[in-house]
Amino acid sequence: MNPGRENIKAAFLADHGLGGVRRQPLAGDASTRLYERLHLPGRGGADGSSLIFMDQPPSVETQPCPPLATEAERIALGYNARARLAAGRVDAFIACAGYLRDQGLSAPEIIAADAPAGLCVLEDLGDDLYASLILGGADETPLYDGAIDALVRLHQTRPPEVLTGGGMHWPLLSYDDLALRTGGEMFLEWWPKYTGAPAFSPEAVAEWEALWAPIRARGVAGASVFCHRDYHAENLIWLPGRAGVARVGLLDFQDALRAHPAWDLSMLLHDGRRDVSPEREAACMARYLAARPDIDHEAFLADYHGLGALNCARILFIFGRQVAGFGRPKYAAFIPRMWRYLDSCLTDPSLAGIKAWFERETVREARA
C-alpha cells in the first residue's frame, strides 16, 4: 500500500461525504486500476447499499494519444499512444459513460470524481458478470442476445468526434492503421519471447505486413461506430430488472474508439477467457445481421473474419506478454483458446495467405 496515495483517497472520500464507510477491495484485472466496494446503507447500487470506488493512479501509464499527433510522435510517446488507449484516464471513462447512458445503455452513473487525481465513485451495477452467471449454469442465450442487441443500438448512431458526459470531454479517435498495426507488430515481438523461439526473420515480417495491410485498410475504411473495445463476458453485467438493451451493464469502456462494427463482435465472440461455441457465434452473428439489413452481409462477414483474426493475434500478444513480460502464468491457460478462434477465422478462403504464414512460421505444439 502506498501511504501517500491512501491519504489522497481517504481525503477524496471524506470530501464527498463517504469518509468512514467500509471499504472492500475487489479483485483486479490486467490493468493498473484498483477497485473497492463502498458499503453504505441507503446510497448507490441496485439495492441501495453500495458504490464502486475506482482508483487509477496518475503517471503510472504512458501518455494517451494526442488527437493531432503524427505516427512518429505516437511511437515516441509509447504503447498507449500507438494503440490509442486512454491510459486509464478517469475523464475518458466519465465521458464514455455519459455517451453510453445517452444511448439508453447501462454504463455506471458517476457519483463523484476527481479526474486529475484519478479517482471516481460509481454506481454499483452488482456482481452478475456474464462470465460468472454462465459458469454457474445460467442460460447464456438471453445474455448473448442482449449483448448483441446492445451492439446493434450502438451501431445505429454515428458517434460524435468528442464525447461529453459528467462535465468531461474526451476525443473519440478512430481505430486507425497505426493502432491496428501495433497489435500485429507486438505479436511478432512477443510470441517468440513467450515460446522461446528465435525472432521472426525479416522476410517473415515483410510478408506479414503485406498480408495484413489490406485487412487493416478495410478496418480503417469501416471505422464508423462507437467501439467499446473490451466487450466480453467479464465486462458485461446482467441487469434483469431493467428493460431492453439496458439489461446489459457495461464496464471498462474507457479505451473506446471509432471503429469497424466487426471489432466488438470479435471481442464478444472470440472471448479469450471463456469458450464461445461455434453454434453461439453463428446465432449471435445471425441476430446481428438480421438487425442490420442496411449493410452488405457478405462483405461484413469477410471483414469480421479478417479483423477477427487480427484481433486474435493481438490478444495472443497480450496474453504472451502477461506471461513472459509480467510473470503472470495464469494467462498461459487462455492461449490455446485464442489459437482455436484464430484457426476458425482463418478458414475463410480469403485469408489463405495468412493461414499459410502461421502454419509455416509458428510451431503448432507451442500453441497448447
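Throughout what follows, the structure given in this document is the object of discussion. (Residues numbered from 1 in each chain as written. Predicted model: local features only at pLDDT ≥ 70, side-chain atom pairs only at ≥ 80, totals over all residues. Heavy atoms only, no water.)

## A look at the overall build of the chain
Short version of the rule: Helical segments are the DSSP runs of H or I of at least four residues, strand segments are the runs of E of at least two, and each set is numbered from the N terminus. Using C-alpha atoms as the atom set, the radius of gyration is obtained and then compared with a globule rule of 2.2 Å times the number of residues to the power 0.38. Classification of residues uses two cut-offs on accessible area relative to the type maximum, computed with a 1.4 Å probe and protein chains only: under 20% is buried, over 50% is exposed, and between them is partly exposed. Here, two residues are considered to be in contact whenever any of their heavy atoms come within 4.5 Å of each other. We get accessible surface area from the Shrake-Rupley algorithm with a probe of 1.4 Å; when it comes to residues, only the shown protein chains can shield them.
Looking only at helices and strands, the chain features 13 helices and eleven strands. In summary, the chain has a C-alpha radius of gyration of 21 Å against a globular reference of 21 Å for 368 residues, a match within 12%. Taken along its principal axes, the extent of the C-alpha atoms in the chain is 60 × 45 × 40 Å. Out of the 368 residues in the chain, the part that is buried amounts to 52%. Taking the contacts inside the chain whose residues are at least 6 apart along the sequence as the reference set, 68% of them involve residues at least 24 apart. Within the structure as shown, the chain displays about 15500 Å² of accessible surface, and the carbon and sulfur contribution to it stands at 56%.

## Structural notes on the packing of helix H7 (residues 177–195) against helix H11 (residues 297–324)
Keep this limit in mind: Structural elements are reduced to axes, namely lines fitted to C-alpha atoms, with helices fitted over the stretch in contact, and the angle between N-to-C directions of any two is expressed from 0 to 180 degrees. Put simply, angles under 35 degrees are roughly parallel, angles over 145 are roughly antiparallel, angles from 65 to 115 are roughly perpendicular, and the rest are oblique. Each crossing is labelled by how the near helix is turned from the far one, with a counterclockwise turn of less than a right angle marking it left-handed and a clockwise turn marking it right-handed. By the convention adopted, Pro, Cys, Tyr, Trp, Phe, Met, Ile, Leu, Val and Ala count as nonpolar, Lys, Arg, Asp and Glu as charged, and the other residues, Gly among them, as polar.
Close contact between H7 and H11 brings their axes to 8 Å; oriented N to C, the two are set at 45 degrees. Between H7 and H11, the interaxial angle falls into the category oblique. Between H7 and H11 lies a crossing whose hand is left-handed. Across the interface between the two elements, Leu180, Gly183, Gly184, Met186, Phe187, Trp190, Lys193 and Tyr194 from H7 touch Leu310, Ala313, Arg314, Leu316, Phe317, Gly320, Arg321, Val323 and Ala324 from H11. Considering only residue class, the contact of H7 with H11 consists of eleven nonpolar, three polar and three charged.

## Some details on the side chain of aspartate 176
In this structure, aspartate 176 sits in the loop between strand S7 (168–171) and H7. With a relative accessible area of 15%, aspartate 176 lands in the buried category.

## Describing empty space enclosed by the protein
Here the idea is plain: a probe the size of a water molecule rolls over the atoms and shows the empty space left. Applied cut-off: As defined here, a cavity is a set of points on a 1 Å grid over the protein atoms alone where a 1.4 Å probe fits but cannot get out. A pocket is an open set with protein on both sides within 12 Å along at least five of seven lines, and residues line them when an atom is within 4 Å of a point. Grid points are joined across faces, edges and corners, and a volume is the space filled by probe spheres set on the points.
In total, this model carries two cavities of 30 Å³ or more according to the counting rule given. Taken as a whole, the largest cavity holds about 80 Å³ of empty space. If you go around the largest cavity, the residues you meet are Pro64, Cys65, Arg84, Leu85, Ala86, Trp170, Pro171, Leu173, Gln254, Asp255, Ala256 and Leu257. Class assignment for the residues of the lining of the largest cavity results in nine nonpolar, one polar and two charged. Size it by volume and the second largest cavity reaches roughly 40 Å³.

## Observations regarding the nonpolar core
Going by this rule: Here, nonpolar core refers to any group of buried Ala, Val, Leu, Ile, Met, Phe, Trp, Tyr and Cys residues whose side-chain atoms link them within 4.5 Å.
Residues Phe187, Phe226, Tyr231 and Phe358 are the most contacted members of the largest nonpolar core, which totals 97 residues. With eleven residues, H11 is the largest single contributor of residues to this core. Apart from residues no more than four positions distant in its own chain, phenylalanine 226 is found in contact with Cys96, Tyr99, Leu100, Leu154, His155, Pro159, Leu163, Leu172, Ala256, Leu257 and Asp264. Membership of the second largest hydrophobic core comes to twelve residues, among which are Leu13, Leu18, Ala112 and Ala117.

## Comments concerning the pattern of salt bridges
The condition that has to hold: When a carboxyl oxygen of Asp or Glu is within 4 Å of a side-chain nitrogen of Lys or Arg, the pair counts as a salt bridge.
Taken as a whole, this structure holds 35 salt bridges when the rule is applied. Here aspartate 145 makes a salt bridge to arginine 287, at a shortest N to O gap of 3.6 Å. With a gap of 142 residues between them, aspartate 145 in helix H6 (residues 140–155) and arginine 287 in helix H10 (residues 278–291) connect regions that are remote in the sequence. Since its relative accessible area comes to 34%, arginine 287 is described here as partly exposed. Between glutamate 361 and arginine 360 there is a salt bridge; the shortest N-O distance is 3.2 Å. For glutamate 361, a relative accessible area of 26% gives the class partly exposed. With a relative accessible area of 47%, arginine 360 lands in the partly exposed category.

Any functional reading would require information beyond the geometric quantities listed.
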